[in-house]
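Chain by chain, the residues run as shown.
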Amino acid sequence: MRRIPVLYIEGDGVGSEITPVMIDVLSCAVDRSYGGDVVLDFEEVLAGGKAERLTGDSLPASTLERIRQVGLAIKGPLMTPVGKGRRSLNVALRQELDLYVCQRPVRHFTGVPSPVKHPELVDMVVFRENTEDIYAGIEWASGSEDVKKVIGFLTDEMGVHAIRFPHTSAIGVKPVSIEGSKRLIRAAIDYAIANGRKVVTLVHKGNIMKFTEGGFRSWGYELAREEYGAYEKEGRTYIPCEGGDLLLDDCICDAFLQNILLKPQNYSVVATLNLNGDYVSDALAAEVGGIGIAPGANINYETGMAVFEATHGIAPDIAGQDIVNPLSLVLSGEMLLRHIGLVEAADRVLSSVERTIACGCVTRDFYNLLDDREGARCLGTKAFGALLVENL
């Protein structure tokens, strides 16, 4: 018997409702796929509100150490205060563990209500840089002594005169490195080649932020030439691949947000920086049913360490009511299975989700969006999870 340790963080708010569903679905999928020869050993580690209550620390050092030891974890949503208190626990986990890729696959399941006419055309995998950019957390508050020093240095030593209101400005720093950019883009290209996808698009705002986001774009093309033997043909860049060469393209971020509404079929794998990736992945999720069905993973492809996660928030307004959609975490679990090579079990989970939704059985978020509810059933979180298991 192969026993695979999987750490899990229950999460705050609705986390205690969706996490048991995820564990049941993944455990049953593995059991039915491998007949007891493979077992997932789930072990809880603490973070967020539960950790704060039990240990006095929302992100205990023991949790980080255990994730480093095992290298595989999945988490529910964690609370992040706005404008005060500890910085995002999600960002802290990514930076502490150097999980430099935030991978977000986006596709439509037949029967899921969508605000666009053809959600079936949306089939993309977003590779969002996870450790740099504005989210690095290098900033100083308006009126603080530290921000006065920074502004003083910028104006007196660097000759910067573009800060419109220096006496009241807060200041943030946007680090974007060659190494950080290239390893993210390398992961996106490798994924595209391994999965037979034919387009990788670098999404950036390099027309305005010429040295940071413009650098990201330039370093991507440089990487393609130096490591993949990319060549130019009719003004476009291609990477040689068996079965047809891979197109490496780029797009300004605001144009890309328009294009994913007008011509989403033109995009397949997307590589972008941290803030852009946050906006892009949520906008894409809205086209296929919302973040309630959007999975995500934080991965270091060099070490193999990975933390999979629900991409939505803690939803305190519906917590404890047995109405939350568990699919974001369940589908993140499907990514986890695929990541560790349990492809048959991962395929079984996808088939179950497709079958369950296609028969009209959905949670309240989807049910409320249906134009035609004839034949549809609105299920609670537990009942929906039980049906997913049945449909495995």
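Residues numbered from 1 in each chain as written. Predicted model: local features only at pLDDT ≥ 70, side-chain atom pairs only at ≥ 80, totals over all residues. Heavy atoms only, no water.

This next bit is on the packing of aromatic side chains. Taken as a whole, this structure holds 5 aromatic pairs when the rule is applied. A network of ring pairs unites the aromatic residues F127, Y191 and Y301 as a single cluster. The ring of F109 carries R107 above its face, with NZ or CZ at 4.0 Å from the centroid. (Phe/Tyr/Trp six-rings, centres within 6.5 Å; stacked < 30°, edge-to-face > 60°. Lys NZ or Arg CZ within 6 Å of the ring centre and 35° of its normal.)

It is worth spelling out the nonpolar core at this point. Formed by 55 residues in total, the largest nonpolar core has its most connected members in L40, L327, L337 and L342. If near-sequence neighbours (up to four positions away) are discounted, L40 is found in contact with I4, V6, L26, V30, L337, I340 and L342. Core analysis: the second largest hydrophobic core is formed by 28 residues, L184, Y191, W219 and A271 among them. (Core = buried A, V, L, I, M, F, W, Y, C linked by side-chain atoms within 4.5 Å. Buried < 20%, exposed > 50% of the residue type's maximum accessible area, 1.4 Å probe, protein only. Contact = heavy atoms within 4.5 Å.)

What follows covers the sheet that holds strand β4 (residues 101-107). Pairing in this open sheet of 12 strands is mixed, and the strands run β2-β1-β3-β14-β13-β4-β5-β12-β8-β11-β10-β9 from one edge to the other. Looking at strand neighbours, the two that pair on one side only are β2 (38-44) and β9 (231-233), the edges of this open sheet. With strand direction ignored, the average angle separating the axes of adjacent strands in the sheet is 25 degrees. Here strand β8 (residues 199-204) runs beside strand β12 (residues 269-272); their pairing, made up of 4 bridges, is parallel. (Pairing = 2+ DSSP bridges. Helix = DSSP H or I, 4+ residues; strand = E, 2+ residues; numbered from the N terminus. Axes fitted to C-alpha atoms, helices over the stretch in contact; angles between N-to-C directions.)

Burial of the side chains of strand β3 (residues 72-75) extends over both faces: L72 and I74 are buried on one face and A73 and K75 on the other. In this structure, strand β1 (residues 2-9) lies alongside β3, joined through 3 bridges in parallel fashion. By the bridge assignment, Y8 is partnered in β3 with I74. Direction of pairing for β3 relative to strand β14 (residues 306-310): parallel, over a ladder of 4 bridges. Each residue of the ladder has a partner; that of L72, found in β14, is A306.

Examined against the element boundaries, N90 turns out to sit in helix α4 (residues 89-96). Of the polar contacts made by the side chain of N90, one reaches the side chain of K75; its length is 2.7 Å. Those residues in contact with N90, other than ones at most four positions away along the chain, are K75, L78, T80 and E309. (Polar contact = N/O pair within 3.5 Å; in protein donor to acceptor, adjacent residues only side chain to side chain.)

The terminal C-alpha atoms of helix α11 (residues 343-358) lie 22 Å apart, and with 16 residues this matches the ideal 22 Å at 1.5 Å per residue to within 8%. Against α1 (15-34), β4, α10 (327-339), β15 (361-362) and α13 (381-390) lie the buried residues of α11. Positive backbone phi, approximately 90 degrees, marks G360, located one or two places after α11. (Expected span 1.5 Å × (residues − 1).)

Every α-helical turn comprises 3.6 residues, leaving residues that sit three or four positions apart pointing alike. Along helix α8 (residues 253-262), the positions that sit buried rather than exposed are C253, F256, N259 and I260. Projected onto a plane normal to the axis of α8, the buried residues spread over an arc of 105 degrees and lie on a single side. Turned more than 90 degrees from where α8 packs its buried face, L261 and L262 sit exposed. Packing partners of the buried residues in α8 comprise β5 (123-129), β8, β11 (246-252), β12 and α9 (274-287). (Arc of directions from axis to C-beta.)

We now examine the pairing of β4. Judged by how many residues are buried, β4 sits mostly within the fold: 5 of 7 residues are covered. Here 7 bridges tie β4 to β5, and the two strands are oriented antiparallel to one another. Note on β5: the bridge partner recorded for C102 is R128. Note that β4 and strand β13 (residues 295-299) share 3 bridges and pair antiparallel. Along β13, the bridge assignment pairs V101 with I299.

Another point: the packing of α1 against α10. Running from N to C, α1 and α10 cross one another at 35 degrees; their axes reach a closest spacing of 9 Å. For the pair α1 and α10, the crossing hand works out as right-handed. Facing α1, whose interface residues are I18, T19, V21, M22, V25, L26 and V30, α10 presents L329, V330, G333, E334 and L337. Of the residues that constitute the contact of α1 with α10, the class distribution is 9 nonpolar, 2 polar and 1 charged. (Left-handed = near helix turned anticlockwise from the far one by under 90°. Nonpolar A, V, L, I, M, F, W, Y, C, P; charged D, E, K, R; others polar.)

All right, on to the pattern of salt bridges then. Across all of its chains, the model carries 24 salt bridges by this definition. Residues R197 and D123 are paired through a salt bridge, measuring 3.0 Å at the closest nitrogen-oxygen approach. A residue pair is termed long-range when its members are at least 10 positions apart, and R197 in the loop between α6 (178-194) and β8 and D123 in strand β5 qualify at 74 residues. Overall, R197 belongs to the buried group, its relative accessible area being 17%. Here D123 falls in the partly exposed class, since its relative accessible area comes to 38%. Between R128 and D278 there is a salt bridge, and its shortest N-O distance comes to 3.9 Å. Residue R128 is found in strand β5, and its partner D278 is found in helix α9; the two are separated by 150 residues along the sequence. Judged by relative accessible area, R128 falls into the buried class, the value being 4%. The class for D278 is partly exposed, based on a relative accessible area of 21%. (Salt bridge = Lys/Arg side-chain N within 4 Å of Asp/Glu carboxyl O.)

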